[in-house]
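# Report on the structure
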Amino acid sequence: MAISYKELGFVNTREMFKKAMDGGYAVPAYNFNNMEQIQAIINGCGQSRSPVILQVSKGARNYANATLLLNMGKGAVEMARELGYSIPIALHLDHGDSYELCVSCIESGFSSIMIDGSHLSYQENVELTRKVVEYSHRHDVTVEGELGILAGIEDDVAAARSTYTQPEEVEDFVKKTGVDSLAISIGTSHGAYKFKPEQCTLSKECILTPPPLRFDILEEIEKRIPGFPIVLHGASSVLLKYVDLINSNGGALADAVGIPEDQLRKAARSAVCKINIDSDGRLVITAMIRKIFKEKPAEFDPRKYLGPARDELMKMIIEKNKNVLGSADRY
Ligand code: G3H
Ligand code: 13P
Ligand code: ZN
């Protein structure tokens, strides 16, 4: 039997995005796959009084089991209320790749859906997205679509450039599909290796600085669809502190580069209302576990290394909300 997200205490993203647009900040969307991540997200966002979008990917559903993840989301809402956090919480499908997956998530209690048709032709993307929107809106679930393809590290620079969102398509896409928000491609990408070293400049301190995001494209998009919520995927900063901690404790992350935080803060002040962060959390967890394994090789209680990893992740989330997304102290 289908369950409405409203019974589970989730909200869709409509009000969240309106407030974020008016307030000049972005709502954080953090991915989770396990208990420690969801604890860190809820406590980090609860303590910093930030709205939050809990993101579940298809990979997360395969890894953790869809029913278990949904119930973790549901438990997170209950835990938040018990702890006195009055923040809005959305449960969102990240990178939905089919109509059927979107329907299944909505029937199980998701409040927000992404249908990622960005790899399809423009026409196919419009058709698939419109079909998902029609179903979702009947259930008051909000929908994120995507136009443009995020660059991958394997792309050559020319190919990466040709996949930026084309501003002349956005108005037509939004009108034809009825989406509630739009993910765009302006230079971000998924993972910890967002740029090749040769795309970056090297500082005296040997720090790689990537090329700036294409704010000109973002501005052109904002002109064509004023006040419409924009989403940035691939927005981890790949914080040097954690990359160094990983590498100094036996890891091998060479040339990992992310999106500088000042660029994300600038984006958050614009029509960008949702910023997706997954890799930064993965790096924090890995860094802490590596550090503890090296310092305490006799430790074998998972709580003794997952606990500190969770606490550090919560600290990172509070920092992001306060200093990067600007979403802290809004509730
Ligand atoms: O955009 C992708 C997210 O980081 C989720 O990654 O598909 O490995 O769960 P995943
Ligand atoms: P990162 O890999 O930069 O964290 O991006 C996550 C994301 O876009 C999830 O959809
Ligand atoms: Zn993404």
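It is worth spelling out the pairing of strand β10 (residues 272-277) at this point. Two faces make up the sheet, and in a regular strand the side chains alternate between them. Counting buried residues in β10 gives 6 out of 6 residues, a clear majority hidden from the surface. Sheet topology places strand β9 (residues 230-232) next to β10; 3 bridges connect them, and they run parallel. When the bridges of β10 are listed, Ile-230 appears paired with Val-272.

This part takes up the side chain of Thr-177. If you trace the backbone, Thr-177 turns up in helix α9 (residues 167-177). At a separation of 2.6 Å, a polar atom in the side chain of Thr-177 contacts the main-chain carbonyl oxygen of Phe-173.

Relative to the helices and strands, Tyr-5 is located in helix α1 (residues 5-8). In contact with Tyr-5, other than residues within four places in its own chain, are Phe-10, Val-11, Asn-12, Gly-109, Phe-110, Ser-111, His-139, Asp-140 and Val-141. A polar contact of 3.3 Å, which involves the side chain of Tyr-5, links it to the side chain of Asn-12.

With that settled, consider the packing of helix α12 (residues 261-268) against helix α14 (residues 302-325). Between α12 and α14, whose axes approach to 8 Å, the crossing angle comes to 65°. Taken as axis vectors, α12 and α14 run roughly perpendicular relative to one another. The segment α12 lies against α14, with Glu-261, Leu-264, Arg-265 and Ala-268 engaging Lys-320, Asn-323, Val-324 and Leu-325. Classifying every residue of the contact of α12 with α14 gives 4 nonpolar, 1 polar and 3 charged.

For the rest of this paragraph, the subject is helix α13 (residues 279-295). Here α13 spans 24 Å end to end across 17 residues, near enough to the 24 Å set by a 1.5 Å rise per residue. Within the sequence span of α13, burial applies to Ser-279, Asp-280, Gly-281, Leu-283, Val-284, Ile-285, Ala-287, Met-288, Ile-289 and Ile-292.

Moving on: the site of ligand 1. The environment of ligand 1 is formed by Asn-31, Ser-57, Asp-94, His-95, His-190, Asp-278 and Arg-282. In this structure, His-95 approaches ligand 1 through a side-chain N or O atom, which is 3.2 Å from an oxygen atom. One of the side-chain nitrogen or oxygen atoms of Asp-278 is found 2.6 Å away from an oxygen atom of ligand 1. Relative to its unbound accessible area of 300 Å², ligand 1 is 67% covered by the protein chains. For the shell around ligand 1, the residue count by class is no nonpolar, 4 polar and 3 charged.

Rules and cut-offs
Residues numbered from 1 in each chain as written. Chains lettered and ligands numbered in written order. Predicted model: local features only at pLDDT ≥ 70, side-chain atom pairs only at ≥ 80, totals over all residues. Heavy atoms only, no water. Buried < 20%, exposed > 50% of the residue type's maximum accessible area, 1.4 Å probe, protein only. Helix = DSSP H or I, 4+ residues; strand = E, 2+ residues; numbered from the N terminus. Pairing = 2+ DSSP bridges. Polar contact = N/O pair within 3.5 Å; in protein donor to acceptor, adjacent residues only side chain to side chain. Contact = heavy atoms within 4.5 Å. Axes fitted to C-alpha atoms, helices over the stretch in contact; angles between N-to-C directions. Parallel < 35°, antiparallel > 145°, perpendicular 65-115°, else oblique. Nonpolar A, V, L, I, M, F, W, Y, C, P; charged D, E, K, R; others polar. Expected span 1.5 Å × (residues − 1). Near = heavy atom within 4 Å. Areas by Shrake-Rupley, 256 points an atom, 1.4 Å probe, with all protein chains shown as cover.

Any link to function would need more than the numbers given here.
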